[in-house]
Amino acid sequence: MGKTLAFLVLVALISCASGLYRDGYERVDTGPGGFFGAVLDDQAGIAWFGVDDTPARIIKVDLTTMSVVGKLELEKDEERLWSFVKHGKYGYVGVESPGGRLVGVDLDSMTRLGYATASQFPLLAGTVYADHAYFSAGSNPATVMRLDVLKMQAGGCADWNQCRYEVSLQAGEEAVRSMFVDEAGKHLILAMYTEPGVIVKLTVPGLKRIGSLTLDQGEDKVLCGARYGHYGLFGTATSPGRLIKVDLRTMRRASSLEFVSGEDRPATIVMRGNYAFIGFGSAWAEGASSVVKVDVERMVRVSGVVTKEGQTWLYTGLGWQQWAFFGTRGTEQTEHATIVRVNMNPTFPGIPVPPVFNSSTSDSITMNWLREYPEYHNGGAPIIGARVLMRPADNHDWTCEHIYAYAAPDPAAPKDRISRVHENPAELLMHGYAATVDRLDEEKGYKFAVILTNEVGPSHRSRSSLAMATTVSWSYEGLFLLLFAALTGGLAWLWGASWANAPRIDALYTDNDREEEQTGSLLTGKKARPDASPAPPSGAGGFTPGEAEDYEGGVGARRLASRAASIFVSWVGQPGGMKRVLVTAALFSTVACVAAGVEAFFCAFVSGAVPTLDPAMRLVLCGVVVASVGACAWCCSAGYSSWELREYDAARRFAVGGMLALWASEVSSLMVLMSYTGSQMAPWMWHVSATLTGAGLAAGLLGLVWEAAVASLRKRTVVETVGLPDAFGISGGVSWLTERL
């Protein structure tokens, strides 16, 4: 038979990287070509695989032992195998060159019998039904021919027209890549490698056109097809691939399935019961390909398996007993291809990944063990149950477990310590990849592991998760946040009340004291300043009521804008003025960006799974807590004192400073408490906390900008020192500068 071919059999390859049961493979020296086309003797368990090489070859394989038992090499000019069909003990091979040549082979003795020229174009697809073989030629439009194989075998085809009948399809219908007979055996179904794909229905054996279906936009280049009852399944050579389900009785689409990224160009379909096993004609990842199991009734992906490295381009497939066999392609470097055997029966799920934290409350933790492409790890069947093992974070023994849905009993489970069982499938989240464990202690850390179950049984236990903690009681969290909310509201009230009673901006920058008196009041609250002279009567050189309204409504606003513009121009016009403006803007921008970064870090911290900080960071934050709380208390007392003394501008500025100090104290104190206790806030509570701190920071920064602008517009007069009021029990020693207007 020539030189000895390598033989490798892998038994029961079950690992965390497997979904289906990848059972083994046979490596065959093929050169740069690969397998293309295969036929089967179901009773004997023998398969013949065509090799698309120069010249074309046929490999005979014993499927029981996965060993090569025969090999046939065609003539040197018979290159590139495209189609391969079987009738009885004879095989018929369509090659690309010479175009249209059909080679006859005795499959039992593995000998070449001869050839016939069936067309001028390569025979791209073929099938056998009853005593006829049907082939399509690669012309445009495509031609479909019927060959009488019994006459061919008996040598009764001296006149080729007595054995061959041919019809042409319609314009644009070319490149037939899949051909099969429907369930009733009355129609021939053809699938085109066109854009978009086209499905054509002909009668058998008359080849009369009955109907056709043009697929939707984007469903291009049908590369494979298979029959499922009175439906047809067709795979498109797209990225990612699609599986189209068509009702062959009405020639209408029934449904479709789009595969995930990396599952490109479905090239082979092997049917078993209600499931289709799809081999992909692409290098899936790092030189590998994949086989995906699809529930054809529901048109959903059930499971999948990735081939070994170098096993790509699964253009050939067939099923026998519980196995599916897929032929790969060789490369110029490897010069060999492989026949991959996949056990279509499901097995145990692969080892799950350790659970990861989703969220927690004071008495429950929600987690998931979802991984990328989970269908590649479920053992070939959907997950129907999950067992979540639990133990305290400082304990090395599993103390109790949760059982969700239909998980099979675990013989190794500690039966005397099982504390809770949930049999409601609704509690099995994310199709078996998440769960909520309840009735836990407050502010306590736990570690978890998971065991998954499908219809075969449970998987091995996953590795232990990282520690996850429940939150403090929501009542404590609520009181803590309520205190900060009350302080924030108080400071906001102080700022608003001070603004309502402060002197009006437009009344303080005029050079005409007479005009100031004529406005009647220097305060927006309409309270007269104690040292202001009364306004003269109407007609005595003052404003009429209408003129006063015009001043207050229009002239004041224009003068305010004029004042702001003149101040900016004077700043810029002074030596180094523009530099000071830019430095001030840069300084404020830096402070705002740093504060926003701290706020973002705080939000990520309170919503994270593990609230931990380095010891050094904890000490820094403790210092920030002390300083910010002290600054907040000082600003509150100073602001109230300024309000009592009618120093409204100073009161507003202290309110702004207090708002920023309160923000810093809230952020730092929450982070310190959570890091020391190791507990998490409830999901809704950390949302409230993040909203409260974000609003406080925004109010503080906006107030800072506003007060800086107001201060620049005020007419600066007398500056004096004011002490803390005796009402606070402090006399002397502490003072601050405020502007008296």
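Residues numbered from 1 in each chain as written. Predicted model: local features only at pLDDT ≥ 70, side-chain atom pairs only at ≥ 80, totals over all residues. Heavy atoms only, no water.

Novice: Hey, could you run me through the environment of N343 in this one?
Specialist: Tracing the chain through its elements places N343 in strand β28 (residues 337-343). Residue classification places N343 among the buried residues on the basis of a relative accessible area of 8%. A C-alpha to C-alpha distance of 5.9 Å links N343 and Q322, two positions 21 residues apart in sequence. From its side chain, N343 meets the backbone nitrogen of N345 in a polar contact 2.9 Å long. (Helix = DSSP H or I, 4+ residues; strand = E, 2+ residues; numbered from the N terminus. Buried < 20%, exposed > 50% of the residue type's maximum accessible area, 1.4 Å probe, protein only. Polar contact = N/O pair within 3.5 Å; in protein donor to acceptor, adjacent residues only side chain to side chain.)

Novice: Help me out: how do you make sense of the state of the cysteines in this one?
Specialist: Simply put, disulfide is the name for a covalent bond between the sulfur atoms of two cysteines. Overall, the coordinates contain one disulfide when judged by the stated rule. Each sulfur of the disulfide joining C157 and C163 lies 1.7 Å from the other. With the S-S dihedral at roughly -95°, the linkage between C157 and C163 falls on the left-handed side. Owing to a relative accessible area of 17%, C157 belongs among the buried residues under this scheme. On the basis of relative accessible area, C163 is assigned to the buried category, the value being 3%. Here C632 is not disulfide-linked; the sulfur of C636 is the nearest cysteine sulfur, at 4.2 Å. (Disulfide = S-S within 2.5 Å.)

Novice: Could you clarify how one ought to interpret the side chain of S668 in this entry?
Specialist: Note on placement: S668 falls in helix α7 (residues 648-677). In this structure S668 comes out as buried when scored by relative accessible area, which is 2%. Here S665 takes part through its backbone oxygen, which lies 3.3 Å from a polar atom of the side chain of S668. Other than its neighbours up to four places away in sequence, S668 contacts L621, V624, V625 and S628. (Contact = heavy atoms within 4.5 Å.)

Novice: Looking at this structure, I do not really get unusual backbone geometry. What am I missing?
Specialist: When glycine is set aside, most residues are seen to have a negative phi, and most peptide bonds are trans. Note that the residue after S97, namely P98, is joined by a cis bond; omega there is -5°. You can see P98 is positioned in the loop between β7 (90-97) and β8 (101-106). Of note, the amide linkage connecting N140 to P141 takes the cis form, showing an omega dihedral of 0°. Locating P141 in the fold gives a position in the loop between β11 (132-137) and β12 (143-148). Its identity is not glycine, yet M299 carries a phi of approximately 55°, on the positive side. Summarising the element assignment, M299 is placed in the loop between β24 (290-295) and β25 (300-306). Residues other than glycine seldom take positive phi values, yet R439 does so here, at roughly 55°. As for its placement among the helices and strands, R439 is situated in the loop between β33 (434-437) and β34 (445-453). Accessibility expressed as a relative area gives 53% for R439, which makes it exposed.

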